[in-house]
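Tertiary structure, described
Single-letter residue listing:
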Amino acid sequence: MSLSLQQLSRCTVAFDLGASRTRIYLRDTGLIVDEPSIAAVNTRTGSLIAVGHPAAAMAGRTPAHIRVARPISGGTVVDIDMAQRMLRFLISDKIRRAWRRRPLLRAAVCVPHDAEPIAQRASVETLTGLGARRVELVDTLVAAAVGCDLPVEQPEATMIVVCGAASTQVAVLSLGSIVAAEKVQVGGDAVDYAVIQHLRSEHELMLPTQGLYPLHMALRADRSGAGAETEVRGRDIATGLSRTVLVSTAHVRDAIRTPLTAVLDAMGRVLRDCPPDLVADLGVRGVTLAGGSALMPGLDTLIETATGMVVRIADNPEHCSVLGLGAMMEGRVRPWALNPVETG
């Protein structure tokens, strides 16, 4: 980790390119961009119409000649050209001025754990195309752990679960490095899909993704699982007309248990790969949830019940990764000093 910190100390800007949102941190300034990773394009002219929140509002509501694109999936750039166009629009004048002043500007970017070389190269090409002369790649798990203020540099175990829109990453860290880690293709999108399928099969109701927000709020409020009811409005499958139904949060919680179980399985595999001493540390320290989907309803309760460990949700879970990169860039993280032992 000391080598990474030395390299990161030369960086000026940090990027967290998520499937759901893009966040940019400028050195000595802080978080300057936090927008949805989405762009709207006119397919007739090829022109960019909207980026970020305005483009997200168009999703599912566009005519045939307007395409809503998501150039990032699971923390990996899948459309380099579109990602560059989106980032150019999001980057503020502050970064443009910094790039003009520093022709050898360095950038840092989060990459998923065990990302394939082609995925890493896509992130590098995206940022070099924007003007960065060097790009440092940092594991999302390490950056998120630092952003959560976990003592990752100490000789003790810290366990973090980074919940994204498309995937969830689990890791145990010690002495600034990852001891064991797993990544599963289950995230907030999978939970939303399970809820939508439940409403379709049980209530014959088609629900847009944006319509899930009231149900999420009801699930978070009903932490005891008592089974409160909330109104949900969608489109009737048979008639195509708008209809409102009462949905039991207890039934919805049962529906999302299946995708959340995959996260538990990943945690079990990580713990089995760890030395017993580190697992014993986790019995005291517990688990920290981070990422934009850390507030998935029922996830913290499910982990506590299955593992018996204390589960803590980070204070600012959606920003942990980019804030961790910022802390490393600005030298606010001290590496664990492993000095060689002199022998007589």
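Here the structure is shown first, and the text comes after it.
The sections below set out a description of the structure shown in this document.

Quick notes on unusual backbone geometry
Phi angles above zero are rare outside glycine, and D28 is one such case at about 60°. In this structure, D114 is a non-glycine residue whose phi angle is positive, near 55°. Using a relative accessible area of 61% as the deciding quantity, one classes D114 as exposed.

Things to note about the sheet that holds strand β9 (residues 106-111)
Reading across from one edge, β3-β2-β1-β9-β10 is the order of the five strands in this open sheet, with mixed pairing throughout. With partners counted over all chains shown, the strands left at the sheet margins are β3 (30-36) and β10 (134-139), one partner each. Pairs of neighbouring strands in the sheet enclose a mean axial angle of 20°, with direction left out of account. Alignment of strand β1 (residues 13-17) against β9, held across three bridges, turns out to be parallel. When the sheet's bridge partners are listed, A14 is paired in β9 with A108. Packed onto the sheet, helix α3 (residues 80-90) meets β1, β2 (21-26) and β3 and runs at close to 50° relative to β2.

A few points about the pattern of salt bridges
Applying the stated criterion across every chain, the model contains nine salt bridges. A salt bridge links E182 to R269, with the shortest nitrogen-to-oxygen separation between them at 3.5 Å. Residue E182 is located in strand β13 (residues 177-184), and its partner R269 is located in helix α9 (residues 249-272); the two are separated by 87 residues in the primary sequence. Each member of the salt-bridge network shares a partner with another, and the members are R21, R23 and D34.

Some words on the side chain of H319
Structurally, H319 is set in the loop between β18 (311-313) and α12 (320-329). In this structure H319 comes out as buried when scored by relative accessible area, which is 12%. A polar contact is formed between the side chain of H319 and the side chain of D34, at a distance of 2.7 Å. Discounting chain neighbours no more than four positions away, the residues touching H319 are R23, L31 and D34.

Points about the packing of α3 against helix α5 (residues 117-128)
For the pair α3 and α5, interaxial distance at closest approach is 9 Å and the crossing angle is 45°. Accordingly, the angle class assigned to the pair α3 and α5 is oblique. As for the relative orientation of α3 and α5, their crossing is right-handed in sense. Residue-level inspection shows I80, A83, Q84 and L87 of α3 in contact with α5, the latter providing A122, E125, T126 and L127. Classifying every residue of the contact of α3 with α5 gives five nonpolar, two polar and one charged.

Some points on the nonpolar core
As a rule of thumb, nonpolar side chains are buried together in soluble globular proteins. Judged by nonpolar contacts, the single largest core of 42 residues is most densely connected at M159, V161, M267, L289 and L299. Among the elements that line this core, the one with the most residues is α9, at eight residues. Filtering out sequence-adjacent residues up to four positions away, M267 remains in contact with M159, V161, V170, V287, I303, T307 and M309.

Quick notes on the state of the cysteines
In the structure shown here, the tally under the stated rule is zero disulfides. The thiol sulfur of C110 is not disulfide-bonded, and the nearest other cysteine sulfur, from C320, lies at 11 Å. Judged by its relative accessible area of 3%, C110 is buried. A disulfide-free cysteine, C148 has its sulfur positioned 3.2 Å from the sulfur of C320, the nearest such atom.

Observations concerning the environment of R200
As for its position among the elements, R200 is in helix α7 (residues 188-203). Separated by 37 residues in sequence, R200 and I237 have C-alpha atoms that sit 7.9 Å apart. If near-sequence neighbours (up to four positions away) are discounted, R200 is found in contact with L205, M206 and I237.

Focus: the packing of helix α6 (residues 140-147) against α12
It is the contact of α6 with α12, at a shortest axis distance of 6 Å, that shows an interaxial angle of 80°. Here α12 runs roughly perpendicular to α6, going by the angle between their axes. Where α6 approaches α12, its residues T140, A143, A144, V146 and G147 are matched on the opposing element by C320, S321, L323, G324, L325, A327 and M328.

Cut-offs used in this document
- Residues numbered from 1 in each chain as written.
- Predicted model: local features only at pLDDT ≥ 70, side-chain atom pairs only at ≥ 80, totals over all residues.
- Heavy atoms only, no water.
- Buried < 20%, exposed > 50% of the residue type's maximum accessible area, 1.4 Å probe, protein only.
- Pairing = 2+ DSSP bridges.
- Helix = DSSP H or I, 4+ residues; strand = E, 2+ residues; numbered from the N terminus.
- Axes fitted to C-alpha atoms, helices over the stretch in contact; angles between N-to-C directions.
- Contact = heavy atoms within 4.5 Å.
- Salt bridge = Lys/Arg side-chain N within 4 Å of Asp/Glu carboxyl O.
- Polar contact = N/O pair within 3.5 Å; in protein donor to acceptor, adjacent residues only side chain to side chain.
- Parallel < 35°, antiparallel > 145°, perpendicular 65-115°, else oblique.
- Left-handed = near helix turned anticlockwise from the far one by under 90°.
- Nonpolar A, V, L, I, M, F, W, Y, C, P; charged D, E, K, R; others polar.
- Core = buried A, V, L, I, M, F, W, Y, C linked by side-chain atoms within 4.5 Å.
- Disulfide = S-S within 2.5 Å.

Structural measurements only, silent on function.
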